[in-house]
Amino acid sequence: MKFGIGQAVPRTEDARLLTGGGRYTDDVSLPGQAYAAFVRSPHAFAAIGAVDASEALAQPGVLAVYTVADLDAEKIGMIPCQAALKQRDGSDYVQTPRPALARGFARHVGDPVAMVVAETLEAAREAAELVMIDYEDRQSVTGTLEALGPGRPLVWDEAPDNLCFDWDTGDEAAVEAALAGAHRVIELELVNNRVVANPMEGRACVAGVESGADDAPGRLLIYVTSQGVHGLQKQFAKILNEPEQRIRVLTTDVGGGFGMKLFNYPEYVACLFAARRLNRAVKWAADRIEGFISDDHGRDHVSKARLALDADGHFLGLRVDTVANLGAYLSNYGPFIPTDAGSAMLVGSYRTPAVYVRVKGVFTNTQPVDAYRGAGRPEAAYLLERLIDHAGRVTGLGPAEIRRRNFIPANAMPYATPMGQVYDTGEFVQNLEDGLILADMAGLPARKTEAKARGKLRGAGLATYIEACSGGGPEQATVQVNGDGKVVLMIGTQTNGQGHETAYKQILADRLGVPPEDVEVVQGDTDRVSWGSGTGGSRSVPVGGSALAEGAAKVVKAATAVAADLLETAEVDVEFAEGRFTIVGTDRSVSLKEVAAKAADGGTGGIAFSEMARWTPPASTFPNGCHIAEVEIDPATGIVEVLRYSVVDDFGTVINPMLVIGQIHGGVAQGLGQALQERVVFDPDSGQLLSGSFMDYQMPRAVDMPPIEVKLNSVPSTTNMLGMKGAGEAGAIGAPPAIINAVVDALSDLGITHIDMPATPEAVWSAIRQAESRMAAE
């Protein structure tokens, strides 16, 4: 089969997108729509006094100016934090309110305080500048560790010491015993830097009111750039005090999400409120600078790790203490990311008998922090792989050998980790050995010598990883076969540019034998798709694809009865393969298209079969791999160049290798950005965002990317019917530790043992100068 599971076929959606046929949220316009602009706080922390909108309201075309008082008058609810979490002592974490417009205080730069709605975007923006707000500026706190310091300003009175939660997991007593009895304890303190997702398409929404019958109030609807419409529909309904069926949520094409577009935001609630109040459509779209100050950010951890080793370099126990910055408000899943989302993966691919993790989540006067590509697993992998690399250097075993000694062997699968996960498959030693060959690590000493002769410093770093993904709740797919043989798939995931349409068509081609041009994929519409979990955690194709495969199997079963009638035989004598029903042992057959025509009463209109399947994964999948980066550093400037990048990944059964390799490349690019370039910087005194545009926040460019060589070691997962493992986040997990390990290797002759992300030219240059001064003093 030329178009099916395992085939590296080009994406079917690309022709439409590359020729201007895409329809993104900002392309949507509703009849009579108005435009919204938000008045945002210029202060990191300030009490909000009087709001004078009289001059703004007097401007031509201005329809309304709203504040939280207007929302309160209609009993508009809070944007919820949905993380289920208990503190170490069993108590609830500190839940704080998040209204769509700030109440009483503005708690970060960019906090929306008022909303202006006008006939044109220009009028709305100009009027927003005329809204006068009395602010009483207060001292702010933006630093992650500083937030816990004595006497620091409190972001919320309800949170003493700015502490949202103090959480732990694992066996503290066993770890402390291992540390006490260890031959050697390796320690490392490190920072996982805050980043901004910066998808190509910024956030946007268009809220409106549908026409009701007999002049009755119509339903609310909202087009919104998202990672799933059904979760947002539930939130909107509760916040706006409307039945779910009274709010239709639609998401069209999405230009990247990376976790950031999974969540509800104040602007969406405010636009729905305004549309209902004005009984007309209201549109809003963030510009890039507005995105920097209003999108949820990612990462931002400060950690201390301690690893206990025996005399042979075997791991005995691991303790990790982390302070996680949550921002000023709790996003939908903010507390979940540094705790349950990633902590269980601090075991990694290793036989560490005891692990203990303690996390303190803190409020600061910064943008909320939530999931960013990988959502907790990149943070865990970075910490673990930097620590183990450091241990390999300190012990003299080296980065590869210390890992070999501690890997979980393939014959130990399924393997129950001390953190509650059960790995079903994994060949970690094989991934490492293949990676060393792929990266030509045997030739590295010669390349280092050649670089040194040119005055450059060369190094290579490796990182192995395993992550848990594609688990959790169910996904739903409805497979509809029309009388003309064409197939409509309605599924609750949401493409953000990953290639869902292509992958789903490949599964349908494999299961039903239908060509891709005969398949329509429907996502992102709560009317057409009755239920769904959305996209996140690399679950769309493994979980959604499994639901789709089950739905297709139900179609085959239903169609077999019709085929048997057409063939005048018993159902048990009919088999189905490659789109045809055949009497076993004969050449008599009919196509699915012919069967569909018969089932639809002989015509080509109408629906022949429609089967819904909702599939729940029994456990997560555990993709794993080995990433190796090779870098060269110019000691005169501190500039780091990534020269080559080698990847060995195990994603189980691969639906489309071309899609998977594209996911790897994109993830590596984001990981490279975090490792070497991207950093959110706040002024420690004023709380102002200093890296609020691409002038000050460096993003990876094509010229920064090395050649990436990929080898797939596919060991099918046992936790889904397709044997797949999630592939969307692996590049962003493996790249940061591999690249920083390479930088440290290049600098190791200078006695440098660690450098925090991002390893910018300034940071590397400063580290080299300090090392040279230290060596000269010795």
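Residues numbered from 1 in each chain as written. Predicted model: local features only at pLDDT ≥ 70, side-chain atom pairs only at ≥ 80, totals over all residues. Heavy atoms only, no water.

## Comments concerning the overall build of the chain
- What the chain contains, in helices and strands, is 19 helices and 30 strands.
- Based on the C-alpha atoms only, the size of the chain along its principal axes is roughly 90 × 80 × 55 Å.
- A buried classification covers 60% of the 778 residues belonging to the chain.
- Long-range contacts, defined as pairs at least 24 residues apart, comprise 80% of the intrachain contacts of the chain with a sequence gap of at least 6.
- Approximately 28,800 Å² of the chain is accessible, and the part contributed by carbon and sulfur atoms is 52%. (Helix = DSSP H or I, 4+ residues; strand = E, 2+ residues; numbered from the N terminus. Buried < 20%, exposed > 50% of the residue type's maximum accessible area, 1.4 Å probe, protein only. Contact = heavy atoms within 4.5 Å. Areas by Shrake-Rupley, 256 points an atom, 1.4 Å probe, with all protein chains shown as cover.)

## A few points about the layout of surface pockets
- Size it by volume and the second largest pocket reaches roughly 610 Å³.
- Lining the second largest pocket are 26 residues, with Gly-143, Thr-144, Val-191, Asp-300 and Val-680 sitting closest to its centre.
- Breaking the lining of the second largest pocket down by element, the ones donating at least two residues are strand E8 (184-192), strand E15 (301-309) and helix H19 (761-777).
- A breakdown of the residues in the lining of the second largest pocket according to their chemical character gives eleven nonpolar, eight polar and seven charged. (1 Å grid on protein atoms, 1.4 Å probe; cavity = no way out; pocket = protein on both sides within 12 Å on 5 of 7 lines; lining within 4 Å. Points joined across faces, edges and corners; volume = space filled by probe spheres on them. Nonpolar A, V, L, I, M, F, W, Y, C, P; charged D, E, K, R; others polar.)

## Considerations on the sheet that holds strand E28 (residues 624-633)
- With mixed pairing, four strands are arranged side by side in an open sheet as E20-E28-E29-E30. The two strands at the open ends of the sheet, each matched to only one other strand, are strand E20 (457-466) and strand E30 (708-712). Averaged over all pairs of adjacent strands, the angle between their axes in this sheet comes to 15°, without regard to strand direction.
- Where E20 meets E28, ten bridges bridge the pair, whose relative direction is antiparallel. The partner of Ala-460 across the bridge, within E28, is Glu-630. (Pairing = 2+ DSSP bridges. Axes fitted to C-alpha atoms, helices over the stretch in contact; angles between N-to-C directions.)

## Some words on the packing of helix H10 (residues 377-395) against helix H18 (residues 730-747)
- Running from N to C, H10 and H18 cross one another at 30°; their axes reach a closest spacing of 8 Å. By the angle class used here, H10 and H18 are roughly parallel. Two packed elements cross with a definite hand, and for H10 against H18 that hand is right-handed. Of the residues in H18, those touching H10 at Arg-377, Pro-378, Ala-381, Tyr-382, Glu-385, Arg-386, Asp-389 and Arg-393 are Ala-732, Ile-733, Pro-736, Pro-737, Ile-740, Asn-741, Val-744 and Asp-745.
- Here the contact of H10 with H18 is built from residues that sort into nine nonpolar, one polar and six charged. (Parallel < 35°, antiparallel > 145°, perpendicular 65-115°, else oblique. Left-handed = near helix turned anticlockwise from the far one by under 90°.)

## Quick word on the environment of Leu-121
- If you trace the backbone, Leu-121 turns up in helix H4 (residues 121-128).
- Not counting residues within four places of it along the chain, the set of residues in contact with Leu-121 comprises Tyr-35 and Ala-36.

## Here's the deal with the side chain of Ser-349
- Examined against the element boundaries, Ser-349 turns out to sit in the loop between helix H9 (337-341) and strand E17 (355-363).
- When near neighbours in sequence (up to four residues on either side) are disregarded, Ser-349 contacts Asn-406, Phe-407, Ile-408, Phe-428, Thr-464, Tyr-465 and Ile-466.

## With respect to helix H6 (residues 229-240)
- For H6, spanning twelve residues, the distance from its first C-alpha to its last is 16 Å, which sits close to the expected 16 Å at 1.5 Å a residue.
- Within the sequence span of H6, burial applies to Val-229, His-230, Leu-232, Gln-233, Gln-235, Phe-236, Ala-237, Ile-239 and Leu-240.
- In this fold, the buried residues of H6 make contact with strand E11 (220-224), strand E12 (247-250) and helix H7 (266-278). (Expected span 1.5 Å × (residues − 1).)

## Details of empty space enclosed by the protein
- Scanning all chains against the criterion turns up five cavities of 30 Å³ or more.
- Here the largest cavity is characterised by a volume of approximately 170 Å³.
- Lining the largest cavity are 19 residues; nearest its centre among them are His-301, Ser-303, Thr-322, Glu-379 and Ala-380.
- For the lining of the largest cavity, the secondary-structure elements that each account for two or more residues are E8, E15, strand E16 (315-327), H9, E17 and H10.
- Taken together, the residues that form the lining of the largest cavity break down as eleven nonpolar, seven polar and one charged.
- The volume enclosed by the second largest cavity comes to roughly 80 Å³.
- Around the second largest cavity, the lining comprises 15 residues; the ones closest to its centre are Arg-98, His-108, Asp-111, Pro-112 and Pro-266.
- Mapped by element, the contributors of at least two residues to the lining of the second largest cavity are H7 and helix H8 (288-294).
- Grouping the constituent residues of the lining of the second largest cavity by class yields eight nonpolar, three polar and four charged.

## Here we look at the pattern of salt bridges
- Within this structure, the stated rule accounts for 56 salt bridges.
- A salt bridge links Asp-389 to Arg-393, with the nearest nitrogen and oxygen atoms 3.5 Å apart. Of the two residues, Asp-389 and Arg-393 are both situated in helix H10; the distance of four residues between them amounts to about one turn of the helix.
- On the basis of relative accessibility, which here comes to 1%, the residue Asp-389 falls in the buried class.
- Take Arg-393: its relative accessible area is 29%, and that puts it in the partly exposed class.
- With its nearest N and O atoms 2.9 Å apart, the salt bridge here joins Glu-401 to Arg-405. You can see Glu-401 and its partner Arg-405 sitting in helix H11 (residues 399-406), four residues apart, about one turn around the helix.
- Of the residues examined, Glu-401 reaches a relative accessible area of 25% and is grouped as partly exposed.
- Accessibility expressed as a relative area gives 29% for Arg-405, which makes it partly exposed. (Salt bridge = Lys/Arg side-chain N within 4 Å of Asp/Glu carboxyl O.)

## Looking at the environment of Glu-772
- Following the sequence through the fold, Glu-772 ends up in helix H19.
- Put simply, Glu-772 and Ala-274 are 498 residues apart on the chain and 61 Å apart in space, counted from C-alpha to C-alpha.
- A distance of 3.0 Å separates a polar atom in the side chain of Glu-772 from a polar atom in the side chain of Arg-769. (Polar contact = N/O pair within 3.5 Å; in protein donor to acceptor, adjacent residues only side chain to side chain.)

## A closer look at the pairing of strand E13 (residues 282-285)
- In terms of strand pairing, strand E1 (residues 34-40) meets E13 through two bridges, oriented parallel. If you follow Tyr-35 over to E13, its bridge partner there is Lys-283.
- Alignment of strand E10 (residues 204-209) against E13, held across four bridges, turns out to be antiparallel. Paired with Val-206 across the two strands is Lys-283, which belongs to E13.

## Let's talk about the environment of Pro-378
- Note on placement: Pro-378 falls in helix H10.
- A C-alpha to C-alpha distance of 43 Å links Pro-378 and Met-132, two positions 246 residues apart in sequence.
- In this structure, Pro-378 is in contact with Asn-192, Arg-299, Arg-373, Ala-732 and Ile-733, ignoring residues within four places of it in sequence.

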